[in-house]
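A look at the structure
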Amino acid sequence: MNALERVRAVLPDRRTLATMGRSPRKDLLAGLTVAIVALPLALGFGVASGAGAAAGLATAVVAGALAALFGGSNLQVSGPTGAMTVVLVPIVHRHGTGGVLTVGLLAGVLLIAAALAGAGRFMAYVPAPVVEGFTVGIAGVIALQQVPAALGVRPSGAENVVVTAWRGATDYLGHPHLAPLALAAGVAAVMLIGARLRPGVPFSLLAVAAATLAAALAHLDVATIGRLPAGLPAPSLGFLHPAEVPQLATAAVAVAALAALESLMSATAADAMSVSERHDSDRELFGQGLANLVAPLFGGVAATGAIARTAVNVRSGAASRLAALAHAAVLAVVVFAAAPLVSGIPLAALAGVLIATAARMVEVASLRALARSGRGEAAVMALTAAATLAFDLVTAVIVGLLVAGALALRQVALSAALTRVPLHEGLPPADHHEEEQALLAEHIVAYRIDGPVFFAAAHRFLLELAETGDVRVVILRLSRVSALDATGARVLGDAIAKLERRGVLVLVSGIQDGHRRTLDALGVLDGLYAAKRVFGTTPEAIAAAREALHHSGVLARTGVHRTGRKDHRQ
């Protein structure tokens, strides 16, 4: 596929856009419902990221519309998310708002490049325990980030959320103030209890509205969002100086990786909740890349597909991407028409929204299932969550993948086996007399190697081969070897060499063509090839072993040959 075809493959086609006319009424109602749920989340995540509530709204409008139009899922809803705020907070501390905007733009470029390279399919290989641990860790980070706002104290500015929460709690105990804590706890309680009783009701918006009204009527001394601009800002270039951009390369890669992972997870969840929808991974990456490329121009932060909002969209009856576009349009109306009302929302109320959101991110049933599936799965999940809290999301994913890979490698290695088998196992009945067959079995031993012979497994069992008892001939049956690397081939060669130094005749049968190339490249079986002791089938190897015993005088020349004639006794 050439470059032009790759570009066409990630752009929306007429058939995709035509789906927006299938059920416009359902889509518009679903979009309105999602917008009601998304409004407090957009404000909260904007504040939590350090870029401000206006940045959260701008992201929800601009990124939400572009990702809906150009993405690969008909049901995905995009915008600012809790996972992304976790990455953005340290960037704000180090580089200010300009750093956040620059990182978003760079991440957009990386996502578009990944889409054109067809990288979407690789996201499916992230193990479930890593995803679950990652989600639990993010939930913990989001909740800890909100501790200062929920307690009504100034954030300490520390990059580690555990330190931030601890310092916030210490400051609060020095000067306790009940109002912020009551607002945050009340909003969180209403959301969590309401979601259990009436899942379809937007309790987040109702709780925030009630908290705002209560704060205004009681003249509570609490911090609020503050004045918002009436409308989206004009496109600007308020980014860092080009000389500072290389310092953000790692952060941009982290944001792009997180946007890709979370968006494709959300799109997959949307597919699972629908009947016939299937997302296009590369188109989704392209849509998210374009959204992240443009949103910073309007003061927005990095965006991803949002699992919670996408779930609300699907459950509200959305049939096409028109619903996500309607959600962005409703939020745009809020930006232009209701900014004065939004500006009075207490920060503690938004903290309550995010704390409740973090609690709802943790699927207890899924965690229990993974914990019951094995200690290895539970360990991967726990380590990923702990690394998310202690370090950052990219480090956490890397740690989770490394541990999961090591455990998987161990399982694969344990599946390899060296089994001593009867000489004629799985073969047609032998044409020898029973007495001769007993002699053959006494002096010839056959081993079958099953599974992968590679660096993690070869030393475990192939060196045991060299300790084989007092026999004259060893036949190695390799037809069931599933994989063979250079290390496995060399260990196999060492085992053969040790047997031969003890005077044991080694014969090999059933080498697969793919494995033969590795063995030939390393010269492992050159000596056996020269001595004509490599055979295509096991019966040929047994016949050669039998003939070798005849020549050595161990086995007398008696018995019935394949021709039916009897040999004369020698």
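Conventions we followed
Residues numbered from 1 in each chain as written. Predicted model: local features only at pLDDT ≥ 70, side-chain atom pairs only at ≥ 80, totals over all residues. Heavy atoms only, no water. Helix = DSSP H or I, 4+ residues; strand = E, 2+ residues; numbered from the N terminus. Buried < 20%, exposed > 50% of the residue type's maximum accessible area, 1.4 Å probe, protein only. Salt bridge = Lys/Arg side-chain N within 4 Å of Asp/Glu carboxyl O. Polar contact = N/O pair within 3.5 Å; in protein donor to acceptor, adjacent residues only side chain to side chain. Contact = heavy atoms within 4.5 Å. Phe/Tyr/Trp six-rings, centres within 6.5 Å; stacked < 30°, edge-to-face > 60°. Pairing = 2+ DSSP bridges. Expected span 1.5 Å × (residues − 1). Axes fitted to C-alpha atoms, helices over the stretch in contact; angles between N-to-C directions. Parallel < 35°, antiparallel > 145°, perpendicular 65-115°, else oblique. Left-handed = near helix turned anticlockwise from the far one by under 90°. Nonpolar A, V, L, I, M, F, W, Y, C, P; charged D, E, K, R; others polar. Core = buried A, V, L, I, M, F, W, Y, C linked by side-chain atoms within 4.5 Å.

Moving on, we come to unusual backbone geometry. Not every positive phi belongs to a glycine, and His-219 is a case in point at roughly 55 degrees. Relative to the elements of secondary structure, His-219 occurs in the loop between helix H10 (203-217) and helix H11 (249-273). Overall, His-219 belongs to the exposed group, its relative accessible area being 71%. Of note in this structure, Lys-532 is not a glycine but carries a positive phi near 60 degrees. For Lys-532, the location among the structural elements is in the loop between helix H24 (526-530) and strand E8 (534-535).

With that settled, the discussion passes to the pattern of salt bridges. Scanning all chains against the criterion turns up four salt bridges. In this structure, the salt-bridge partner of Glu-277 is Arg-22, at a minimum N-O distance of 3.4 Å. Linking Glu-277 in the loop between H11 and helix H12 (281-294) with Arg-22 in the loop between helix H2 (14-18) and helix H3 (24-49), this pair joins segments that are 255 residues apart in sequence. By relative accessible area, which is 13% here, Glu-277 ends up buried. Salt-bridge contacts for Glu-500 lead to Arg-533; the nearest nitrogen and oxygen are separated by 3.0 Å.

Attention now moves to the side chain of Gln-76. Following the sequence through the fold, Gln-76 ends up in the loop between helix H4 (53-70) and strand E1 (78-79). At 2.5 Å, the side chain of Gln-76 and the side chain of Ser-266 are in polar contact. Only 3.0 Å separates the side chain of Gln-76 from the side chain of Thr-310, close enough to count as a polar contact. Look past the residues within four positions of Gln-76 in its chain and what remains in contact with it is Ser-263, Ser-266, Ala-267, Glu-284, Gln-288, Gly-305, Ala-306, Thr-310 and Ala-324.

With that out of the way, let us pick up the packing of aromatic side chains. For the structure on display, the rule yields one aromatic pair. On the numbers, 5.3 Å between centres and 75 degrees between planes, the contact of Phe-454 with Phe-455 is edge-to-face. The class of Phe-454 is buried, set by a relative accessible area of 11%. The class of Phe-455 is partly exposed, set by a relative accessible area of 46%.

Buried residues of helix H13 (residues 307-315): Arg-309, Thr-310, Ala-311, Asn-313 and Val-314, and no others. Residues of H13 that are buried in the fold lie against H3, E1, H11 and helix H14 (322-337). In the stretch just after H13, Gly-317 is the one whose phi turns positive, near 95 degrees.

For strand E5 (residues 473-477), the buried fraction is high: five of the five residues fall into the buried class. What you see with E5 is no split at all: Val-473, Ile-475 and Arg-477 on one side and Val-474 and Leu-476 on the other are buried throughout. Bridge analysis of E5 against strand E7 (residues 505-509) gives five bridges, and the strand direction is parallel. In the sheet register, Val-473 faces E7, and the bridge partner there is Leu-505.

In this section: H14. Working note: α-helix, 3.6 residues per turn, so residues spaced by three or four point in the same direction. For H14, which comprises 16 residues, the first-to-last C-alpha distance of 22 Å matches the rise-based estimate of 22 Å (1.5 Å per residue) to within 8%. Those residues of H14 that sit buried are Leu-322, Ala-323, Ala-324, Ala-326, His-327, Ala-328, Leu-331, Ala-332, Val-334 and Val-335. At its buried positions, H14 is contacted by H3, H4, E1, H13 and helix H15 (339-342).

It is worth spelling out the packing of H4 against H12 at this point. Geometry of a packed helix pair, given as the angle between the helix axes and the separation of the axes. Following both chains from N to C, one finds H4 and H12 inclined at 155 degrees, their axes separated by 8 Å at the closest point. The angle between H4 and H12 places the two elements in the roughly antiparallel class. In this structure, H4 meets H12 at a crossing whose hand is right-handed. When H4 is examined against H12, the residues Val-62, Ala-63, Leu-66, Ala-67 and Phe-70 are found in contact with a partner set consisting of Arg-283, Phe-286, Gly-287, Gln-288, Leu-290, Ala-291 and Val-294. Taken together, the residues of the contact of H4 with H12 break down into nine nonpolar, two polar and one charged.

The next subject is the nonpolar core. Of all hydrophobic cores here, the largest spans 79 residues; its most connected members are Leu-43, Leu-88, Ile-91, Ile-225, Leu-228, Val-255 and Ile-345. At 13 residues, the largest contribution of residues to this core is made by helix H5 (residues 82-116). When residues no more than four places from it in sequence are discounted, the contact partners of Ile-225 are Leu-43, Ala-53, Val-342, Ser-343, Ile-345, Leu-347 and Leu-350. The next biggest cluster of nonpolar side chains, apart from the first, holds 33 residues, and it includes Tyr-447, Phe-454, Leu-492 and Ile-511.

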